[in-house]
Amino acid sequence: IIGITNSKAENFSAWYQEVVLKAEMVEYYQEISGFFVLRPLSMHIWNTIRKWFQGHIEEMGVEETSFPMFLSKTSLDKEKDHVEGFAPELAWVERAGDKKLEVPVAIRPTSEAVMYPYYSKWIRSHRDLPLRLNQWNSVVRWEAKQTTPFLRTREFLWQEGHTAHLTEEMASKEVLEILELYAGVYEQLLAIPVVRGTKTENEKFAGGYYTTTVEGYIPSNGRGIQGATSHALGQNFSKIFHITVEDPQNKGQHVNVWQNSWGLSTRVIGVMVMVHGDNKGLVLPPRIAQLQVVFVPVGINKNTSPEDKKKHEDQMDEMRVTLKKAGVRSESDWREGYTPAWKFNDWEMKGVPLRLEFGPKDAAKEVVSYARRDTGEKGEVPIADLATKIPELLETIQADMYKKAEISFREHRKMITKWDDVLPSLDEKNLVLIPFCLDGKCEDRIKELTTRADDNRDVPENQKVPSMGMKSLCIPFEQPQVNDLVPGETACLNPECKGKAQKWVMFGRSY
Ligand SMILES: O=C1CCCN[C@@H]1CCCn1cnc2cc(F)c(Cl)cc2c1=O
Ligand SMILES: [Mg+2]
């Protein structure tokens, strides 16, 4: 059979793996586990994101760089306090050919330690600021947990931006500008809504000052997922790596620069698959679809005369030219020996946003019949109107996909003011907004209190209720304007906590 055999609702992880394989997005790298091949469909999505993001950061004055992919042990030891937690993820090269390396080198898991010694060398005067460099590369983190395509892989493509500023204000302004671009990648390109906020102390980048984040929501299992992060590093790294400039305000004094670092990875593709995919397979938002429209000839068979077939082909080619001029990426599927129905399934599995069926009856009426991949809605478009109606239809599909995901996310963000309502709400696939004291120990306890003893043993796979506890996802910039939380007065929701709530914090089971 072609098509997806796993049901998204019944077995989400099996469904996901089947979709990314059958839609020809990835291949498992059989030789070494945790690594994957990105195939053209995925690379088109990544390159569309890259072009969009690159255009925007160039406007901001960010320049591109490329640093070596290896870290020396010495430079890693400089920041050993924050590296220690990550040590198990580091991949090392100990030998070249049959020669042992004097000093083993690590493959970059991120590039702070590679880049910042050179920031120290290049940044002398405040006129060298702001220094803003970004690199598009891949990094390796030898994950111990189960890997899965796009979402958790031992190597992934990303961009990592690293900037240095004279003042905290200039740095913090950029942190938010970049975060807004990350939100744009999700909301403008991938039709996925995200909540913008700040990470709590427990969840932020330990080496940094504060972390801002865009958080996504996966309706199938009600879990939150970190979309991308934009960190203010404060002066932490400029102290470690001695990146200073002479203070223009008072000569002779040296100040440590204020730094940011920000990253978005191919994880975004996995989020898109999970949010929009269905039981027929991938559903691609038109703006990132390599193939936006596929023409499938119908009503053509062995009884069709050669001249009629030729005429039909010419008409379809003409329509494709019209669409190309209108900026629409389309193909015709003239594969021999496959029925239209087979072709419909195949293109639906690959997520093509819009199918145009064209047969002799359509030709006689001078129309083409369409079928939307997101809703299945069918209709007709006069051939004469293709150049305007098809781009409009694609934009409608893009907007409707976003709207559907936005409603689903909004309806599954619940403000909770009674502790006993938390678990039932999580079990209904919600994220929760709770009055929280912001204390890291309290957060640890909340995770424990919401971890269900694994009494799922005898429950069939698709009824298994996740037993994982809830983590904080972010402190949303947009705080609910209700008087259920008076900062410093309302109690923290954790029944064991004596503290006072400071903020509404979004918690949930998460990736
Ligand atoms: O998230 C970003 C955006 C782009 C630039 N970097 C930051 C922070 C990265 C944190 N992080 C994340 N993972 C790591 C894994 C490691 F093995 C080591 Cl040694 C360090 C880290 C580590 O610092
Ligand atoms: Mg990690």
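To be clear, the structure that these remarks concern was listed above.
Only a predicted model underlies this, so the values are computations on that prediction, with no experimental measurement involved.

Even after reading the chapter, I still don't get helix 6 (residues 168-189), so can you show me in this structure?
Residues separated by three or four positions in an α-helix point in the same direction, a consequence of the helix having 3.6 residues per turn. Across its 22 residues, helix 6 extends 31 Å between first and last C-alpha, which sits within 8% of the 32 Å expected from 1.5 Å per residue. Just downstream of helix 6 lies A191, where phi reads positive at about 55 degrees.

Honestly, the state of the cysteines in this entry has me stumped. Any pointers?
Each disulfide is one covalent bond, formed between the sulfur atoms of two cysteines. Applying the stated rule across the entire model yields zero disulfides. For the unlinked cysteine C437, the closest cysteine sulfur is that of C442, found at 3.7 Å. By relative accessible area, C437 is classed as buried at 13%.

In this structure, what is going on with the packing of aromatic side chains? I would like to understand it.
Any two aromatic rings considered together are summarised by their centre-to-centre distance and by the angle between their planes. All told, the structure shown has 22 aromatic pairs when counted by the stated rule. A cation over a ring is seen here: R335 above Y338, with NZ or CZ 5.6 Å from the ring centre.

Explain the sheet that holds strand 14 (residues 258-265) to me, please; I cannot follow it from the model alone.
The strands making up a sheet associate through backbone hydrogen bonding, with each pair oriented either parallel or antiparallel. The sheet built from 11 strands is open, its strands ordered 3-7-8-14-11-10-9-22-23-21-20 with mixed pairing. With partners counted over all chains shown, the strands left at the sheet margins are strand 3 (63-64) and strand 20 (413-415), one partner each. For strand 9 (residues 195-198) and strand 10 (residues 210-218), the ladder comprises four bridges, and the chain directions are antiparallel. Its bridge partner being in strand 10, R196 is matched across the sheet by V214.

Just checking my understanding: could you explain the side chain of D247 for this structure?
Secondary-structure assignment places D247 in the loop between strand 12 (244-246) and strand 13 (254-256). K251 provides the closest opposite charge to the buried, salt-bridge-free D247, at an N-O distance of 7.7 Å. In this structure D247 touches Q253, H254 and V255, once residues within four positions along its chain are discounted.

Explain the site of ligand 1 to me, please; I cannot follow it from the model alone.
If you check the shell around ligand 1, you find 18 residues, and the closest are H82, F86, T110, E112 and H231. At a separation of 2.7 Å, a nitrogen atom of ligand 1 approaches a polar side-chain atom of E112. With the chains in place, 93% of the 520 Å² that ligand 1 exposes on its own is no longer accessible. Those elements that provide at least two residues to the shell around ligand 1 are helix 4 (80-83), strand 8 (155-165), strand 11 (223-234) and strand 14.

Hey, could you run me through the sheet that holds strand 5 (residues 91-96) in this one?
Here three strands make up an open sheet; going across it, the order is 4-6-5 and the pairing antiparallel. One side of each edge strand has no neighbouring strand; the edge strands of this open sheet are strand 4 (70-72) and strand 5. For this sheet, the mean angle separating the axes of adjacent strands, direction not counted, is 45 degrees. Looking at chain direction, strand 4 and strand 6 (residues 99-107) are connected through three bridges and run antiparallel. Each bridged residue has a counterpart across the sheet, and for S72 the counterpart in strand 6 is V105.

When you look at the packing of helix 2 (residues 40-59) against helix 8 (residues 267-276) in this model, what are you seeing that I'm missing?
To describe two helices that pack against each other, one gives the angle between their axes and the distance between the axes. One way to put it is that helix 2 packs onto helix 8 with a least axis distance of 10 Å and a crossing angle of 115 degrees. Classified by the interaxial angle, the pair formed by helix 2 and helix 8 is roughly perpendicular. The handedness of the crossing between helix 2 and helix 8 is right-handed. Two secondary-structure elements touch here, helix 2 through S42, I45, W46 and I49 and helix 8 through V268, I269 and M272. A breakdown of the residues in the contact of helix 2 with helix 8 according to their chemical character gives six nonpolar, one polar and no charged.

What's the story with helix 1 (residues 12-22) in this structure? I'm lost.
Where helix 1 is concerned, the buried positions are F12, W15, Y16, E18, V19 and V20. In this fold, the buried residues of helix 1 make contact with strand 1 (26-28), strand 10 and helix 8. Backbone geometry just after helix 1 places E24 at a positive phi near 60 degrees.

Could you clarify how one ought to interpret a nonpolar patch on the surface in this entry?
On the surface, Y29, I32, V37 and W142 cluster together into a nonpolar patch covering about 320 Å² of accessible area. Relative to the helices and strands, W142 resides in the loop between strand 7 (131-140) and strand 8. The exposure class of W142 is partly exposed, given its relative accessible area of 33%.

Can you help me understand the pattern of salt bridges in this one?
Side chains that differ in charge, positive against negative, can pair when their charged atoms come close. Here the structure, examined in full by the defined rule, presents 35 salt bridges. E64 is the salt-bridge partner of R50, the closest N and O atoms lying 3.7 Å from each other. Residue R50 is found in helix 2, and its partner E64 is found in strand 3; the two are separated by 14 residues along the sequence. One salt bridge in this structure joins D77 and K73, with 3.6 Å as the shortest N-O distance. Of this pair, D77 and K73 both sit in helix 3 (residues 73-78), separated by four residues, roughly a single helical turn. The class of K73 is partly exposed, set by a relative accessible area of 38%. It is possible to trace a salt-bridge network through shared partners that takes in D333, R335, K343, D346 and K350.

Sorry, what's going on with the nonpolar core here?
The nonpolar side chains of a soluble globular protein tend to be buried, and buried together. Formed by 50 residues in total, the largest nonpolar core has its most connected members in M25, I45, L190 and M272. Here this core gets eight residues from one element, more than from any other, and that element is helix 6. The residues contacting M272, other than those within four sequence positions of it, are M25, I45, L190, I192, G277, V283, L284, P285 and I288. Counting residues in hydrophobic clusters, the runner-up holds 23 residues, among them A106, A113, L129 and V245.

Is there a simple way to think about the environment of P286 in this case?
You can see P286 is positioned in the loop between helix 8 and strand 15 (293-297). Once the C-alpha coordinates of P286 and C437 are considered, the two residues, 151 residues apart in sequence, prove to be 42 Å apart. Among all residues touching P286, those that are not within four sequence positions of it are Q292, R329, P353, L394, I397, Q398 and M401.

Just to check I follow, could you spell out the environment of P285 for this structure?
When you line up the elements, P285 lands in the loop between helix 8 and strand 15. Classification of P285 as buried rests on a relative accessible area of 0%. Taking the C-alpha atoms as reference points, P285 and H242, 43 residues apart in sequence, are found 46 Å from one another. With near-sequence residues (within four places) excluded, P285 lies in contact with L189, L190, A191, M272, H276, Q398 and M401.

Rules behind the numbers
- Residues numbered from 1 in each chain as written.
- Chains lettered and ligands numbered in written order.
- Predicted model: local features only at pLDDT ≥ 70, side-chain atom pairs only at ≥ 80, totals over all residues.
- Heavy atoms only, no water.
- Helix = DSSP H or I, 4+ residues; strand = E, 2+ residues; numbered from the N terminus.
- Expected span 1.5 Å × (residues − 1).
- Disulfide = S-S within 2.5 Å.
- Buried < 20%, exposed > 50% of the residue type's maximum accessible area, 1.4 Å probe, protein only.
- Phe/Tyr/Trp six-rings, centres within 6.5 Å; stacked < 30°, edge-to-face > 60°.
- Lys NZ or Arg CZ within 6 Å of the ring centre and 35° of its normal.
- Pairing = 2+ DSSP bridges.
- Lys, Arg positive; Asp, Glu negative; His and termini not counted.
- Salt bridge = Lys/Arg side-chain N within 4 Å of Asp/Glu carboxyl O.
- Contact = heavy atoms within 4.5 Å.
- Near = heavy atom within 4 Å.
- Polar contact = N/O pair within 3.5 Å; in protein donor to acceptor, adjacent residues only side chain to side chain.
- Areas by Shrake-Rupley, 256 points an atom, 1.4 Å probe, with all protein chains shown as cover.
- Axes fitted to C-alpha atoms, helices over the stretch in contact; angles between N-to-C directions.
- Parallel < 35°, antiparallel > 145°, perpendicular 65-115°, else oblique.
- Left-handed = near helix turned anticlockwise from the far one by under 90°.
- Nonpolar A, V, L, I, M, F, W, Y, C, P; charged D, E, K, R; others polar.
- Patch = residues over 30% accessible without salt bridge, like charges linked within 9 Å, V, L, I, M, F, W, Y side chains within 5 Å.
- Core = buried A, V, L, I, M, F, W, Y, C linked by side-chain atoms within 4.5 Å.

Everything listed here is a matter of geometry and, on its own, says nothing about what the molecule does.
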